[in-house]
Amino acid sequence: MTNHYSMYIDGKWVDGDEVYEIRSPATEELVATVAKGTTEHVDAAVAAAKGTFEQGIWRRTPPKERAALINTVAERLAARTDELAALQSRENGATIRITGALHVGLSVGQLQYLAAIVDQYEWETTGPAIEPVPAAGIVVREPIGVVAAIVPWNIPLLTAVWKVGPALAAGNSVVLKPDEHAPVLPLELAREFEAAGLPPGVLNVVTGDGEPVGAYLSGHPDVRKVAFTGSTAVGKSILRQSADSIRRVTLELGGKGANVILDDADIDMAVDGALFACMANNGEACEAGTRLLIPASRRDEIVGKLVERAATLRLGDPLAATTHVGPIISATQRDRILDYFRIGLEEGATIALGGRAPSGPEFNKGYWIEPTIFVDVTNDMRIARDEVFGPVLVVLTYDSVDEAVKIANDTNYGLSAGIWGSEERALEVARRLDAGMVWVNNWHVIHPAYPFGGFKESGLGREGGPHSIDEYVEEKFISLDRSGGIENKAFAIVIDPAQTRN
Ligand code: NAD
């Protein structure tokens with residue numbers, strides 16, 4: 001029997017008139033049916049969120065109790081790791097090697113980390129005495145209100161947890177909108193919050209298309225903050241939409257990560273690392289290392305090894321533990337990638353490996369792209385500038401480290417970067433790269449205690465890390481006047497108090 005998922009609004013599981021059929025991108029088999037929401041469902045969810053916020057049910061719950069509830073959700077998700085990992089692999093084609101550790105494991109870790117910091121968070125601090133008034137000063141950190149969390153299909157659970165977790169930790173109410181291709185794990189997250197005892201209406205999930213449902217939600221007048229992960233184009237539209245009401249916005253957008261191999265690197269390790277950087281999560285990761293920068297003097301050696309190792313990557317069933325690269329999310333996305341192959345060739349690049357949709361009976365169903373490596377690439381080509389979002393690596397050469405840094409930074413994005421080489425030299429280069437995360441001798445090192453997010457058009461704000469709750473609070477300065485009589489007040493600030501008394 002196929003699972004059916006309803007939306008979660010005001011503590012009730014509700015359906016609309018239509019459903020999505022969620023089919024495996026590997027087999028096209030039906031994985032689940034999911035309610036398809038409308039703008040009316042958004043109105044209902046935002047009203048519920050606003051109502052609970054105004055009643056203060058959740059925000060007045062002591063931080064310790066909020067932390068305990070978040071921990072319970074983490075435990076419940078952890079207990080279901082294998083089941084949820086398999087469900088995610090079936091739904092969006094991410095390989096089982098990564099859905100357990102990254103999608104579910106890191107989500108659990110992030111919630112546990114949040115629970116730990118909620119308790120220590122400085123919800124209220126007393127500052128220094130304010131002279132010459134004199135007054136005492138307090139800074140109070142309060143939840144913002146109704147938060148809209150909009151997430152993509154490639155890593156749905158973690159991108160949802162990065163928003164829902166700190167928003168709820170801070171006492172906000174949330175309306176979560178998953179992507180229409182992969183809404184199941186965000187709905188499972190809501191199920192676990194419900195089971196853990198979160199009051200109705202505090203977390204709501206509305207499924208629906210980006211247009212109109214996502215756009216309607218992000219522009220809703222009662223939404224005070226939008227937290228979004230997805231494409232840079234939609235991120236920009238949300239920012240524009242938020243200008244009129246000065247709505248708070250956090251954006252995690254695209255990337256075109258530069259991966260620099262220095263000439264003192266362990267080349268075998270760097271080559272495998274470059275494939276991990278680019279191909280993990282089927283290349284459908286915003287933080288992927290998609291531009292490989294290698295010393296021109298070692299070009300043939302490195303490209304030779306890269307192609308040899310990439311040819312051993314196993315493409316296939318995302319549920320098989322031996323699979324390195326699974327299917328592409330949809331026919332549309334596959335065709336978009338195939339189009340980039342044509343563009344790359346027209347621009348003068350050479351395909352050193354792959355460059356096609358694979359053939360064979362196991363690929364008759366679903367949407368597939370061979371792991372692909374382009375060489376003879378220059379940084380002005382579209383395959384070096386645009387986010388392709390698939391298992392496609394472009395290789396560029398450099399003559400000096402200065403040139404490598406220049407190429408690496410010559411992009412509109414600034415999410416991730418990496419360097420392979422001796423720690424001392426790599427660290428020097430790391431400090432010169434314009435990216436939110438720079439990994440030395442590794443890639444995809446994402447940790448709950450460290451911030452995730454980008455420079456430039458890769459986004460605004462950070463998720464995870466010690467300041468993640470800051471993104472979901474307003475700071476309020478309260479001063480308590482202790483100056484006594486009226487003669488000592490406002491004038492005393494601007495005029496010498498000795499003179500006012502005369
Ligand atoms: P997308 O922007 O099309 O969709 C993301 C979400 O936004 C979906 O829920 C979608 O329904 C919704 N949406 C679409 N149009 C909207 C609109 N006009 N207003 C409001 N919401 C709208 O992106 P995608 O193609 O689904 O995801 C892939 C992109 O996400 C890539 O560019 C990738 O780099 C990026 N991404 C970034 C991060 C990060 O943390 N920086 C993480 C994962 C993915």
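Calculation rules
Residues numbered from 1 in each chain as written. Predicted model: local features only at pLDDT ≥ 70, side-chain atom pairs only at ≥ 80, totals over all residues. Heavy atoms only, no water. UniProt positions renumbered as here; feature names shortened; annotations may be inferred. Phe/Tyr/Trp six-rings, centres within 6.5 Å; stacked < 30°, edge-to-face > 60°. Lys NZ or Arg CZ within 6 Å of the ring centre and 35° of its normal. Near = heavy atom within 4 Å. Polar contact = N/O pair within 3.5 Å; in protein donor to acceptor, adjacent residues only side chain to side chain. Helix = DSSP H or I, 4+ residues; strand = E, 2+ residues; numbered from the N terminus. 1 Å grid on protein atoms, 1.4 Å probe; cavity = no way out; pocket = protein on both sides within 12 Å on 5 of 7 lines; lining within 4 Å. Points joined across faces, edges and corners; volume = space filled by probe spheres on them. Nonpolar A, V, L, I, M, F, W, Y, C, P; charged D, E, K, R; others polar. Pairing = 2+ DSSP bridges. Axes fitted to C-alpha atoms, helices over the stretch in contact; angles between N-to-C directions.

- Under the annotation held in an unreviewed UniProt entry, the chain carries the name Aldehyde dehydrogenase and is attributed to Mycobacterium palustre.
- The Sequence similarities (unreviewed entry) comment attached to the chain in UniProt states, word for word, "Belongs to the aldehyde dehydrogenase family."

**Some remarks on the packing of aromatic side chains**
Here's step 1: Tallying each qualifying case throughout the model produces 7 aromatic pairs.
Here's step 2: We note R59 situated over the ring of F53; from NZ or CZ to the ring centre the distance is 4.2 Å.
Here's step 3: The side chain of K225 reaches across the aromatic face of Y472, ending 4.6 Å from its centre.

**A closer look at the site of the ligand**
Here's step 1: The environment of the ligand is made up of 27 residues, and the closest members are E180, S231, L253, C286 and E387.
Here's step 2: Side-chain polar atom of E180 to an oxygen atom of the ligand: 2.7 Å apart, as the coordinates give it.
Here's step 3: At 3.4 Å from a nitrogen atom of the ligand is found a main-chain nitrogen or oxygen belonging to A215.
Here's step 4: At the level of elements, α7 (210–218) and β11 (225–229) are the ones that each hand at least two residues to the shell around the ligand.
Here's step 5: The element that contributes the greatest number of residues to the shell around the ligand is α7, accounting for 5 residues.

**A look at the layout of surface pockets**
Here's step 1: As a volume, the largest pocket reaches approximately 960 Å³.
Here's step 2: Along the wall of the largest pocket there are 46 residues; nearest its centre are W153, D179, G230, S231 and V234.
Here's step 3: Elements supplying a minimum of two residues to the lining of the largest pocket: α5 (156–169), α7, β11, α8 (232–243) and α11 (331–346).
Here's step 4: No other element matches α8, which puts 6 residues into the lining of the largest pocket.
Here's step 5: Grouping the amino acids of the lining of the largest pocket by side-chain chemistry returns 20 nonpolar, 16 polar and 10 charged.

**Section: the sheet that holds strand β6 (residues 124–126)**
Here's step 1: Read across the sheet, 3 strands follow the order β6-β7-β21 without closing on themselves; strand pairing throughout is antiparallel. Two strands bound the open sheet, and with one partner strand each, they are β6 and β21 (473–481). For this sheet, the mean angle separating the axes of adjacent strands, direction not counted, is 20°.
Here's step 2: Bridge count between strand β7 (residues 135–143) and β21: 9 bridges; the pairing is antiparallel. When the bridges of β21 are listed, V140 appears paired with K476.

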